[in-house]
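Analysis of the macromolecular model
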Amino acid sequence: MSLAFSPYRWPSENIMADSALTPERYRLWKQGLCWLLLLGPLFFLSYGQVNHYTATRSDVGSLVFSWERSVPFMPWTIVPYWSIDLLYGISLFICTSSRELTRHAWRLAAASLVACAGFLLFPLKFTFIRPESPGIFGWLFHQLEQFDLPYNQAPSLHIILTWLLWLRFRQHLTGPARLLCGGWFWLIAVSVMTTWQHHFIDVITGIAVGIVISYAIPMTGGWRWQRPGPRARQLGIRYAAGGLTALTFGLCLPYGIILLWPAAALFMVAAGYAGLGTTLFQKTSQGQLSLSARWLLWPYLAGARLSKRWFSRTLPSASAILDGVWLGGFPDRAARDVAVLDLTAEFHHRPAPGTIWHSSPLMDLLPPDLPALQVAVTRLNQLRPPQGRLLVCCALGLSRSATVVAAWLLAEQHVASVGDAVNLIRSQRPQVVLTPDHLQLLERFKEAQCPTSV
């Protein structure tokens, strides 16, 4: 079993090793303790006060599906249900940096505040009468009832915290330990129904709120806005119109609620073109989209995958350009002997041992700005192996990647002009699509990077 908890080792593992890191470890422990002393009272006060207040209201309803009556009552699942309190505290001591700890703590604070706001705005009550349980399980239920009245229902704070805590533990576990931990958190999630604490609507809304919180407060990177150009605004309006259409049908059609997810994804992509840019996808330099982004944007990401498969049917997967640099579409699987410069923002790469992969995400259907193009060309030179191949890829290998390869040809003075760069690329990959905006950008790049000719 592989345990990779950081920043500490288990006592039996030579706890004084890496003594240079001990002060940093203790500093994080102190910060974790401070956060625990702040978040613990916040949770108990906000949750308890809202619960008791809702018990006095006359407008409390319930929302129960008929099939929920067949969910069995399983007394032993009170153990995983209660375990979330212990895991809550531990999660504040496994973070490996002050940034991770701070953002995790803000997520936990947001969970309590958003859930309590939901309890106040949409008060619901659990309606089943729980059977008596003997022994230790009965005692645990009794302790729960001393604090938890059946009113704080949707969204389930238990489910929100399960999601947020699992994200932290999975980050610091590998191998079988990660699978075992995931299984335990799955038990915690199931236990909210098998202990007859929550109805299904509480679970669904809790999952949604948890994902939104983890997306809104990312562990790495952050949010930044840039003033969009005319083309970006036009694309943003189109995606917003698609989102509005899906939302309208979702609200009007029977069972149309399923369309609310695609509507939300399209509105989010519209926000990306309206100025959020590639931060929308929360893609790392290793090519992975955050799990929260993958869930929220799944309808759009699935559509992008289907579009890629359809339009790449008649395209070569990659085309050799010059000096080991290849131009192509996003590969479904990276070869071990090929380095990859990934320019997509919308595709997720699953890391594989022995592969070299770097992501410099650019928005689809838009020419990048000059600084982003310069960064991509620098990455291309850094990744290009002395022997072997470098694949520069975007979705289809037609625009984003062609623009970066053309800029590289200019920067390395393999060609004398933008026209020569485009002609060289088209001689190897005739299908490339470079608009006047792309060509104008390349002219600006040439003036900035290579003021002299060959």
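Scope of this entry: the structure provided in the associated data block.

**Regarding the layout of surface pockets**
Put simply, the second largest pocket is a space of about 1300 Å³. Lining the second largest pocket are 30 residues, and of these Ile204, Thr205, Ile207, Ala208 and Ile211 sit closest to its centre. For the lining of the second largest pocket, the secondary-structure elements that each account for two or more residues are α5 (157-171), α6 (175-194), α7 (200-216), α9 (260-276) and α10 (291-296). Top contributing element to the lining of the second largest pocket by residue count: α7, with nine residues.

**Digging into helix α13 (residues 400-411)**
In an α-helix there are 3.6 residues to a turn, and that puts residues three or four apart on one side. The end-to-end C-alpha distance of α13 is 17 Å, a good match for the 16 Å that 12 residues give at a rise of 1.5 Å each. For α13, a buried count of 11 out of 12 residues is recorded, marking the element as mostly surrounded by other parts of the structure. Among all positions of α13, only Arg400, Ser401, Ala402, Thr403, Val404, Val405, Ala406, Ala407, Trp408, Leu409 and Leu410 are buried. Among the residues trailing α13, Gln413 stands out with phi positive, at a value near 60 degrees.

**Notes on the pattern of salt bridges**
Evaluated as defined, the whole model comprises eight salt bridges. Residues Asp59 and Arg57 are paired through a salt bridge, measuring 2.9 Å at the closest nitrogen-oxygen approach. The network of salt bridges with common partners includes Arg305, Lys308 and Asp332.

**Describing the packing of aromatic side chains**
Throughout the structure, instances matching the rule amount to 22 aromatic pairs. Where Phe330 meets Phe347, the ring centres are 5.1 Å apart and the plane angle is 35 degrees; that geometry is what we call tilted. One end of the pair, Phe330, is in the loop between β2 (325-329) and β3 (338-344); the other, Phe347, is in the loop between β3 and β4 (356-362), and 17 residues separate them in sequence. Judged by its relative accessible area of 4%, Phe330 is buried. Taken together, Phe73, Phe126, Phe128, Phe141 and Trp196 form an aromatic cluster joined through their ring pairs.

Thresholds, definitions, all that
Residues numbered from 1 in each chain as written. Predicted model: local features only at pLDDT ≥ 70, side-chain atom pairs only at ≥ 80, totals over all residues. Heavy atoms only, no water. 1 Å grid on protein atoms, 1.4 Å probe; cavity = no way out; pocket = protein on both sides within 12 Å on 5 of 7 lines; lining within 4 Å. Points joined across faces, edges and corners; volume = space filled by probe spheres on them. Helix = DSSP H or I, 4+ residues; strand = E, 2+ residues; numbered from the N terminus. Expected span 1.5 Å × (residues − 1). Buried < 20%, exposed > 50% of the residue type's maximum accessible area, 1.4 Å probe, protein only. Salt bridge = Lys/Arg side-chain N within 4 Å of Asp/Glu carboxyl O. Phe/Tyr/Trp six-rings, centres within 6.5 Å; stacked < 30°, edge-to-face > 60°.

These values are about where atoms sit, not about what they do.
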